[in-house]
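Results of the structural survey
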Amino acid sequence: MDGRPRQNPAYRRTRSVQETPTGVSCSFRMSPGALPWHPMMPSGPVETSHPWGDEATPYLEIGGEERVRALAESFYDIIEEDSPVLRAMLPANTTNTRRKLFMYLSGWLGGPPLYEEKWGHPRLRMRHFPFTIGDDEAAEWMRCMRAAFDRVDIDEPLRTFLDERFSQLALHMRNQ
Ligand code: HEM
């Protein structure tokens, strides 16, 4: 144990659930309705198979590093082409933004935790505090991510799985 207050439900939601990078602790118990901090975590008490497909992780299912990079790149291409609302929040040059999303997704999908290795703990919700994120912004983020799924040909059942888990995370980023 690391001495953190694991029994406190508020802690579970804001820290353990959202901000833990990768690796599933055996002692972790999902409280009902809590947000899975990692897409491979069960979303409820009964989830025995891999809902994303045959491979061991969503990272392998999507096809590894180049495919994860293609998803992150396509997502920001779509924002730059077609989402003035999200584009306005981003810096003029999105090279680093693209790279960070790729590195984050690598670990989040069960592959190498590249983001954590380089920058440490993501503290993702906190990093989004400077931006106004309500229902509309979360929905727009998901619209662009779904268009990226189309562009890189993400098929079922991975698609439904990712849609669900990205949606949970996008809603969790709301601060309005
Ligand atoms: C809900 C709507 C969301 C909005 C409006 C939003 C917007 C933003 C903005 C404006 C930035 C800063 C970009 C920069 O300065 O370079 C950012 C950073 C980031 N976002 Fe989001 N985001 C959303 C959801 C998400 C979700 C669901 C994820 C994960 C799947 C995510 C992952 C990241 C990452 C990894 C960064 C880089 C953090 C860093 O600076 O180290 N975002 N986001």
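As shown above, the structure is provided for reference.
Now for a quick tour of the structure. (Residues numbered from 1 in each chain as written. Predicted model: local features only at pLDDT ≥ 70, side-chain atom pairs only at ≥ 80, totals over all residues.)

**Observations concerning the nonpolar core**
General note: in soluble globular proteins, nonpolar side chains tend to be found buried as a group. Counting 24 residues, the largest nonpolar core has Val 68, Ala 72, Phe 75 and Leu 105 as the members making the most contacts within it. Elements with a minimum of two residues in this core: helix 2 (58–62), helix 3 (65–82), helix 5 (95–108), helix 8 (135–151) and helix 9 (158–172). Apart from residues no more than four positions distant in its own chain, Leu 105 is found in contact with Val 68, Leu 71 and Ala 72. (Core = buried A, V, L, I, M, F, W, Y, C linked by C-beta atoms within 7 Å. Buried ≥ 20, exposed ≤ 12 C-beta atoms within 10 Å, placed from the backbone. Helix = DSSP H or I, 4+ residues; strand = E, 2+ residues; numbered from the N terminus. Contact = placed C-beta atoms within 7 Å.)

**Some details on the packing of helix 3 against helix 8**
Between helix 3 and helix 8, the shortest axis-to-axis distance is 8 Å and the interhelical angle comes to 125 degrees. The pairing of helix 3 with helix 8 is recorded here as oblique in orientation. Between helix 3 and helix 8 the crossing geometry is right-handed. Facing Leu 71, Ser 74, Phe 75, Ile 78 and Ile 79 of helix 3, the residues of helix 8 in contact are Cys 144, Met 145, Ala 147, Ala 148 and Arg 151. Taken together, the residues of the contact of helix 3 with helix 8 sort by class into eight nonpolar, one polar and one charged. (Axes fitted to C-alpha atoms, helices over the stretch in contact; angles between N-to-C directions. Parallel < 35°, antiparallel > 145°, perpendicular 65-115°, else oblique. Left-handed = near helix turned anticlockwise from the far one by under 90°. Nonpolar A, V, L, I, M, F, W, Y, C, P; charged D, E, K, R; others polar.)

**Let's talk about the site of the ligand**
Met 89, Thr 97, Tyr 104, Trp 141 and Ala 170 are the nearest of the 22 residues found near the ligand. Those elements that place two or more of their residues in the shell around the ligand are helix 5, helix 7 (124–127), helix 8 and helix 9. With five residues, helix 5 is the largest single contributor of residues to the shell around the ligand. The residue makeup of the shell around the ligand, split by class, is 16 nonpolar, three polar and three charged. (Near = placed C-beta within 6 Å.)

**So, the packing of helix 3 against helix 5**
Geometry of a packed helix pair, given as the angle between the helix axes and the separation of the axes. Where helix 3 meets helix 5, the axes come as close as 9 Å, and the angle between the chain directions of the two elements is 135 degrees. Comparing the axis directions of helix 3 and helix 5 gives the class oblique. Our pair here, helix 3 against helix 5, has a crossing hand that is right-handed. Residues Glu 65, Val 68, Arg 69, Leu 71, Ala 72, Glu 73, Phe 75 and Tyr 76 of helix 3 form the contact with helix 5, whose participating residues are Thr 97, Arg 98, Leu 101, Phe 102, Leu 105 and Ser 106. Counted by class, the contact of helix 3 with helix 5 contains eight nonpolar, two polar and four charged residues.

**Looking at unusual backbone geometry**
Glu 156 connects to Pro 157 through a cis peptide bond whose omega is 0 degrees. Phi at Arg 123 takes a positive value of approximately 45 degrees, unusual for a residue other than glycine. Its location among the elements puts Arg 123 in the loop between helix 6 (114–119) and helix 7. Note on Arg 123: 13 C-beta atoms within 10 Å, which makes it partly exposed. Look at Asp 153: it is not a glycine, yet its phi comes out positive at around 55 degrees. Relative to the helices and strands, Asp 153 is located in the loop between helix 8 and helix 9. What makes Asp 153 exposed here is the crowd of 10 C-beta atoms within 10 Å.

**Details of helix 9**
Taking 1.5 Å per residue as the helical rise, helix 9 with its 15 residues ought to reach 21 Å, and the 21 Å between its terminal C-alpha atoms agrees with that figure. Within helix 9, the full set of buried residues consists of Leu 158, Phe 161, Leu 162, Arg 165 and Leu 169. The buried residues of helix 9 occupy an angular sector of 90 degrees when the element is viewed end-on, so they sit on one face. Summarising the contacts, the buried residues of helix 9 are in contact with helix 2 and helix 8. (Expected span 1.5 Å × (residues − 1). Arc of directions from axis to C-beta.)

**Brief notes about the environment of Phe 166**
Note on placement: Phe 166 falls in helix 9. Distance in space between the C-alpha atoms of Phe 166 and Pro 39 is 8.2 Å, their sequence separation being 127 residues. Those residues within four positions of Phe 166 in sequence are excluded, and the remaining contacts are Met 142 and Met 145.

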